[in-house]
Amino acid sequence: IVIAAATAAETLAACPMAGMGAGAGGDDPLARPAARELLEADAAPKPAPFDPAKVEALDVAAVKADLTKLMTDSQAFWPADKGNYGGLFIRLAWHCNGSYRTWDGRGGCDGARQRFMPELAWPDNTNLDKARRLLEPIKNKYGGALSWGDLIVLAGDTAIESMGGPKIGFCLGRVDDADGTDSLELGPTPEQRLVAPCKAGDGNCEQPLGQTTMGLIYVNPEGVLGEPVPEKSVPHIRGTFARMGMNDLETVALIGGGHSFGKVHGACPAGAGPGPDEDPKNPWPGLCGTGPEKGKGPNTFTSGFEGPWTSTPTSWNNEYFTNLLEFGWEKHKGPGDHFQWRPVHKAGRSNATHGEPPAVMMLTTDVALLHDPVYKELSEKFAADPDALTTEFGRAWYKLMTRDMGPRTRCLAADKWTPPAQPWQMPLPDPPATLPDFAAVKADILKSMHTQAKALPADAGADGRPSYAALLSHLAWQCASTFRRTDYQGGCNGARIMLAPQKSWPENKGMTELRAVLQPIKSKYPNLSWADLIVLAGTAANEAAAGAAGAGAFPFCGGRTDADDGSLTDVLAPRKYINESVAIKDVAKVRGLPLNQAVALMGAMRSPSQAKRMGYSGAWSGATGVLDNAYFKTLLAEDWQKGKSAAGKEEWAAKGKPGVFATAADVAVATDPELKAIAQGYAADNAKFLADFSKAWTYMMNADRFKGPRGSACA
Ligand code: HEM
C-alpha cells in the first residue's frame, strides 16, 4: 500500500528488508560456540521452513477438531488423568508462554523454544515432553503450515474450550526457532548470569528474571524457598506476574482459572529422574510404582504435590474459588513429601453436620490468594460470579498466549481467527489513504537543516553553517531504537516519542523542542504523519552528511501513522545492565542487530548541544554535520581520562584534544576486546563503516513495519 501510494522517485525506493525477523544481516552475533555447546542435548526435530502462504491457508478449525479428538484419546505410553489430557495441555501452553518477561520482551511461545535447552530442562517443565509427544502426529499431519508454537497454543485453547471454558481467539503465525539460542538469557546459562544475575538455588531472583527461582515459570508453589507460609508468597506472586505484564485481576483469574482444570502429580517421594541434561530421550523416568505402570497414570511424579483443586478437573466452573473460600486450609505433607494444603471445615461446621470436605488440595501459592486484600476480594468476586470468571479468564488467557507476538498486524489470516486488537497490543490508527510527496518533504527538510529555529539552537556545522543534522538523526534514532525483535514492540511507527511517557524520558531531553524545527513542514503537508517526518528527517540528515557516499544508501519507506496514546510504553525505557559492554551487546540482540552493525550505529553524528543538555561537558567532536568514521579514529587514538562534568555526569576527556569528551558507552567500544576489534575495522575503512551504518539504520527505521509474522510493509 505504502509504496504504491507514494509519488516521488528516490526516497520511495523499497526498503531492503529481507530477513528482517532474523536481524539486519547474515553475520549472526548469537552463533557463538559457547551457546551452541549448551544446545547439544536438544532432541527435537528441526523446523520445516516457514512458509507464510501455507500458514495463512491453515484451517485452524480443522486443527482444533483434531485436538479435541486427541484430548480424550488416552495413549498407553502416557495415560490421561480421568481420560482427558486437557489439564496437561493447558500447563504445556502456559509454560511455553509463561517464560515471557516485559523487561526485554524475551520468552514466550513464538519460537517454541521450550523444546530446546535451556527451557527444556527447567524443573517446572517436567513431563511436558510427553505432552509434545502426544501432539506430534498432529504436527506431522499439518507439517510446515502449523508451527510448534501455534500448535502448543492451540492445544491449550482447545483444552479450555473442550472442557466448557471460554472461547479463545487465536493469533496465527508463530515461527519456530531452530534452537534455544534466544532463551539463553532466561537461564541458567553464562548469558543469563551477565544479563540477569541470579544464582541457581536462590529463591529471590528479581527483575530482569521473570521468575523468583531459576527453572520455575514464576514462583515456588510450596512457598518462598519451600517454606509453606502463604502470606510470604503474596509479594512474589504479585512481582512475578507483573514482570510478565499481568495486573492483579489477570493474575487471580489466571491462577484460579488455570487450576480449575487438571491436577498436580506426586504419587510418592521417589521423584522423576534426572531430567534432559542426563538423558534427553527419557528425561523424567518416573520412579513411583512398579511394573508396566511404573512412573505413569496414578504413579506419575511431576511436581511432587498430589491431587486436584476441584472435584471436576475436566469441566470448567468456579469451584476453585468456592473451595478456596468455603473451607479452612491446613498444611500437611502429601504423598510426594512436599507441603500442600487440605480443606477442613471452618469453625462452627463439622464433618458430622456437613460431611467430609471434598478430596481436593491447594498449593501454598493458591492459599496465598486469601492472604492479600485485593486477591481475596477478586477471589470472592469469582466465587460469586462464574460468568465474570469466564470473561476475565478468557481475556487474560488470550493475553498470556499472545503477548509475545507484538501488534495484531503480525497475526496471519487475522480476519478469520483473530479478535480485534487489544489495548496491550498497542494498536495504531490506519495510515492516511494517500501519502504526501516525500521527495518534496525531503527537500523542505534539507532546506531547514541549516536555518536556526528559536526553540532549539542548532549545532555548529563542520562547514561553518548552523546544522540540525545530528539532532534530527538523533531524534529519528531515539524514536526508532525502542524496537525489540523479542516481542515486536517499540519502534517509530506511532511517533510515541512525542507522547507521555517517552517524551519525558531523560534520554529524550530536547527532542520535544526539536519538533519546532519540523512543525512548519508538518503543517505544510496534511497527510504527513509525525512518524514519517521524524524518520525521513533523520534519514535525509544522514544521507546528506555522508556526502557522495550517502547517495542511495539511505532508502526511505513511508506510510507510518501517529498514535494517540503513548501509555504502556514504559517497558521500552532504556534498561540498566551491569556494565556498558554487556549493555551494547545485549541491546543489539534485543533489537535484532548483528554486533558489528550495533557498533557502526555508535558512529552516528553526535550533537554537542544535545550532549550538554544531557549534562555532559561536550561530545567526541565539537562540530557536526559529517557522517564518516572519524568517531572510531578519535576513540582509538585518544587517551581518555575519567572525570565528572559540572552537572555531575561521569565522562571521559580526551587528554590530547581539549573539549572532546566520551561517554561510558564510547569508552566500552574502545576497551571491550570484541567491540574494539569491530571499531578498529571501521576506523580503518570508511566505506565499510558507511555500508554497515546504512544497513543497520535502514533496518532499525523499518523494523516495526509489520505485515504478517516476518513480513514487512516495506518489503
Ligand atoms: C499444574 C503451580 C499458575 C495451569 C500445576 C502444578 C504446579 C503448579 C506445581 C503441578 C504440576 C504437576 O505436578 O503435574 C503453579 C503456580 C502458579 C501456577 C505456582 C502461579 C502462582 C498457573 C496458571 C495456569 C496454570 C496461570 C493457567 C492459566 C495449571 C494446570 C495444571 C497446573 C492446568 C494441571 C496440569 C495437569 O493436570 O497435568 N501448577 N501454577 N497454573 N497448572 Fe499451575
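Predicted, not measured: the structure shown is a model, and the values here were computed from it.

Engineer: Teacher, can you tell me more about the sheet that holds strand E9 (residues 661-662) here?
Structural biologist: Hydrogen bonding along the main chain pairs the strands of a sheet, whether they run parallel or antiparallel. Pairing is antiparallel in the open sheet, where three strands are placed in the order E7-E8-E9. Edge strands, defined here as strands with exactly one partner in the open sheet, are strand E7 (640-644) and E9. Bridge count between strand E8 (residues 650-654) and E9: two bridges; the pairing is antiparallel. Looking at E9, one finds that Ala653 is bridged to Phe661.

Engineer: Help me understand the site of the ligand in this model?
Structural biologist: Of all residues adjacent to the ligand, which total 25 residues, the nearest are His259, Lys263, Val264, His265 and Ser303. In this structure, His259 approaches the ligand through a side-chain N or O atom, which is 2.8 Å from a nitrogen atom. Elements with a contribution of two residues or more to the shell around the ligand: helix H5 (86-97), helix H10 (248-258), strand E1 (263-264) and helix H15 (386-402). Here the shell around the ligand takes five residues from H5, the largest share from any one element.

Engineer: Quick question: what am I supposed to make of helix H22 (residues 595-602) here?
Structural biologist: At 3.6 residues per turn, the α-helix brings residues three or four places apart onto the same side. H22 sits mainly inside the fold: eight of its eight residues count as buried. Where H22 is concerned, the buried positions are Leu595, Asn596, Gln597, Ala598, Val599, Ala600, Leu601 and Met602. Looking at the packing, one finds that the buried side of H22 touches helix H18 (469-480), helix H21 (580-591), helix H24 (630-637), helix H25 (664-671), helix H26 (673-684) and helix H27 (686-702).

Engineer: Explanation requested: the coordination of the iron atom of the ligand in the structure shown.
Structural biologist: Note on metal sites: the ideal angle is 109.5 degrees for four tetrahedral donors, and 90 or 180 degrees for six octahedral donors. The protein supplies the iron atom of the ligand with one donor atom, His259 (NE2), which lies at 2.1 Å. For His259, the location among the structural elements is in the loop between H10 and E1.

Engineer: Teacher, can you tell me more about the pattern of salt bridges here?
Structural biologist: Pairing between side chains of opposite charge can happen when their charged atoms approach one another. The full count for this structure, using the stated rule, is 33 salt bridges. Here Glu330 and Arg342 are joined by a salt bridge, their closest N and O atoms 2.8 Å apart. Taken together, the residues span a long stretch of sequence, with Glu330 in strand E3 (residues 328-333) and Arg342 in strand E4 (residues 339-344) at a distance of twelve residues. Residue Glu330 is classed as partly exposed on the basis of its relative accessible area, which comes to 34%. Note on Arg342: relative accessible area 37%, which makes it partly exposed. Linked through salt bridges whose partners overlap, the residues forming this network are Arg101, Asp104, Arg106, Glu185, Asp586 and Lys589.

Engineer: Help me understand the packing of aromatic side chains, please; the structure alone is not making it clear to me.
Structural biologist: Here a ring pair, both rings aromatic, is described through the centre-centre distance and the interplanar angle of the planes. Summed over the entire model, instances satisfying the criterion amount to 23 aromatic pairs. Ring plane angle 50 degrees and centroid distance 5.4 Å describe the contact between Phe632 and Tyr682, whose orientation is recorded as tilted. Taken together, the positions of Phe632 in helix H24 and Tyr682 in helix H26 put the pair 50 residues apart, joining distant regions of the chain. Assigned by exposure class, Phe632 and Tyr682 land together as buried. Between the aromatic rings of Phe689 and Phe693, the centroid separation amounts to 5.7 Å while the plane-to-plane angle is 55 degrees, which identifies the pairing as tilted. Placement of both Phe689 and Phe693 in helix H27 is noted, with a separation of four residues, approximately one turn of the helix. Neither Phe689 nor Phe693 differs from the other in exposure class; each is buried.

Scoring rules and cut-offs
Residues numbered from 1 in each chain as written. Predicted model: local features only at pLDDT ≥ 70, side-chain atom pairs only at ≥ 80, totals over all residues. Heavy atoms only, no water. Pairing = 2+ DSSP bridges. Helix = DSSP H or I, 4+ residues; strand = E, 2+ residues; numbered from the N terminus. Near = heavy atom within 4 Å. Polar contact = N/O pair within 3.5 Å; in protein donor to acceptor, adjacent residues only side chain to side chain. Buried < 20%, exposed > 50% of the residue type's maximum accessible area, 1.4 Å probe, protein only. Contact = heavy atoms within 4.5 Å. Donors = N, O, S within 2.8 Å, 3.2 Å for Na, K, Ca; no water. Salt bridge = Lys/Arg side-chain N within 4 Å of Asp/Glu carboxyl O. Phe/Tyr/Trp six-rings, centres within 6.5 Å; stacked < 30°, edge-to-face > 60°.

From the geometry alone we can't say anything about function, so treat these as descriptive.
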